[in-house]
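Take a look at the letters that make up each chain.
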Amino acid sequence: HALLNIRTLLDTTYTDRSGYNVTLSDLSGKYLGLYFGASWCPHCQAYTPKLVEVYNQIHEADNWQVIWVTRDRVEEAADSYFTHMPWIRLQWAEKDTRGLAMFQLTQQKFIPAVTMVDPEYNVINPEANVEIVTHPKKFPWT
C-alpha cells in the first residue's frame, strides 16, 4: 500500500535548473532523495551546500537523484533558492498537493529533511539528512 502511494506520488513531471522536464520514467533504476526544504529556513540554508557537495561527488556513480520539494511560501523565493541546487525539483504548482502529501507520507515533521527511496519505490530511510553529510560513503544510507 505504501509502495503504491510513493510511486503514485512520484509519478509526475519535474524540472531541472535549465527548465527541462524530467519524468519518473527518466528516473527509472535510480535511488531518490526527497529533499524537503525552504529558502526561509536557516537550517536548510546551512544544509543545502553540504548536500550539494555530497550529491556532486556521488550521484552519477551511485545512480542517485535528489528531488527538491519546496516548503517555501513565495514562488520567487523558491525559484531563487533552486538556482543553488544541481538536482531536479517538484513543480511549484504541485507543492501544496503532491508535495504536501509526500511530506506527510514520509512522516516528516521538520526541515531540512531527506527521505531516501530505492529504485523499487520503497522508503529505505525516512530521515537520511544527517547520515548523508556525516557518512557520504555509506550510500544509500539504509
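Here the residue numbering is sequential within each chain, running from 1 through the sequence in written order. Thresholds applied to this predicted model are a pLDDT of at least 70 for local features of residues and 80 or more for the giving and counting of side-chain atom pairs; totals over whole chains, interfaces and linings are not thresholded and use all residues. Values shown for side chains rest on all heavy atoms present in the structure; no hydrogens or waters enter the calculation.

### Quick notes on the overall build of the chain
Here is step 1: Strands are runs of DSSP state E lasting at least 2 residues, helices are runs of H or I lasting at least 4, and numbering of each runs from the N terminus. A tally of helices and strands in the chain yields five helices and seven strands.
Here is step 2: Reading the helices (α) and strands (β) of the chain from amino to carboxyl end gives α-β-β-β-α-β-α-β-α-β-β-α.
Here is step 3: As a reference, a globule follows 2.2 Å times the number of residues to the power 0.38, and the radius of gyration itself is taken over C-alpha atoms. Over its C-alpha trace the chain gives a radius of gyration of 14 Å, about what one expects of a compact globule, namely 14 Å for 142 residues.
Here is step 4: Each principal axis of the C-alpha distribution contributes one length, and for the chain these read about 35 × 30 × 30 Å.
Here is step 5: Within the chain, residue pairs in contact and separated by at least 24 positions form 64% of the contacts whose partners lie at least 6 positions apart.
Here is step 6: Only carbon and sulfur atoms are counted for the fraction: they give 51% of the accessible area of the chain, which is about 7,400 Å².
Here is step 7: Counting rule applied: Lys, Arg positive; Asp, Glu negative; His and chain ends not counted. All charge positions are set by atom: Lys at NZ, Arg at CZ, Asp at CG, Glu at CD. Each charge class in the chain can be summarised by its mean position, and for the 12 positive and 16 negative side chains these summaries are 5 Å apart. Contacts were defined at the residue level, with two residues in contact if any of their heavy atoms lie within 4.5 Å. Per-residue and other accessible areas were derived by the Shrake-Rupley procedure at a 1.4 Å probe size, with only the shown protein chains allowed to occlude residues.

### Overview of the pattern of salt bridges
Here is step 1: Each salt bridge in this description consists of a side-chain nitrogen of Lys or Arg and a carboxyl oxygen of Asp or Glu lying within 4 Å of one another. Per the stated rule, a full pass over the model turns up four salt bridges.
Here is step 2: A salt bridge links Asp11 to Arg7; the shortest N-O distance between them is 3.7 Å.
Here is step 3: Each residue gets one of three labels from its accessible area relative to the maximum for its type: buried under 20%, exposed over 50%, partly exposed in between, using a 1.4 Å probe on protein chains only. Looking at Asp11, the relative accessible area reads 45%, which means it is partly exposed.
Here is step 4: Linking Glu94 and Arg98 is a salt bridge whose minimum nitrogen-to-oxygen distance equals 2.9 Å. Judged on exposure class, the residue Glu94 and its partner Arg98 are both buried.

### Focus on helix H4 (residues 95-105)
Here is step 1: Taken together, the buried positions of H4 are Lys95, Arg98, Gly99, Met102 and Phe103. The arc enclosing the buried residues of H4, seen along the axis, measures out at 135 degrees, which places them on a common side. Opposite the buried face of H4, by more than 90 degrees, sit the exposed residues Asp96, Thr97 and Gln104.
Here is step 2: A positive phi of about 60 degrees marks Gln107, the residue just after H4. Along the arc lie the directions from the helix axis toward the C-beta atoms.

### A closer look at the pairing of strand S4 (residues 64-70)
Where a strand is regular, its side chains alternate between the two sheet faces.
Here is step 1: S4 sits mainly inside the fold: seven of its seven residues count as buried.
Here is step 2: With seven bridges joining them, strand S3 (residues 31-37) and S4 adopt parallel strand pairing. Among the inter-strand pairings, Tyr31 is bridged to a residue of S4, identified as Trp64.
Here is step 3: Pairing between two strands is assigned when DSSP locates at least 2 bridges connecting them. As paired elements, S4 and strand S5 (residues 88-90) share two bridges and run parallel to each other. Note on S5: the bridge partner recorded for Ile67 is Ile88.

### Notes on the side chain of Ser39
Here is step 1: Mapped onto the fold, Ser39 is located in the loop between S3 and helix H2 (42-58).
Here is step 2: The exposure class assigned to Ser39 is buried, which follows from its relative accessible area of 17%.
Here is step 3: Among all residues touching Ser39, those that are not within four sequence positions of it are Gln45, Asp72, Ala77 and Tyr81.

### Here's the deal with the confidence of the model for the chain
If pLDDT is low for a region, its predicted coordinates should not be looked at in detail.
Here is step 1: Residue-level confidence of the predictor is what pLDDT reports, using numbers from 0 through 100. In the predicted model, the chain carries a mean pLDDT of 93, and the fraction of residues at 70 or more is 97%.
Here is step 2: Per-residue pLDDT, averaged within each element of the chain, yields its smallest value for helix H1 (residues 2-10) (77) and its largest for S5 (98).

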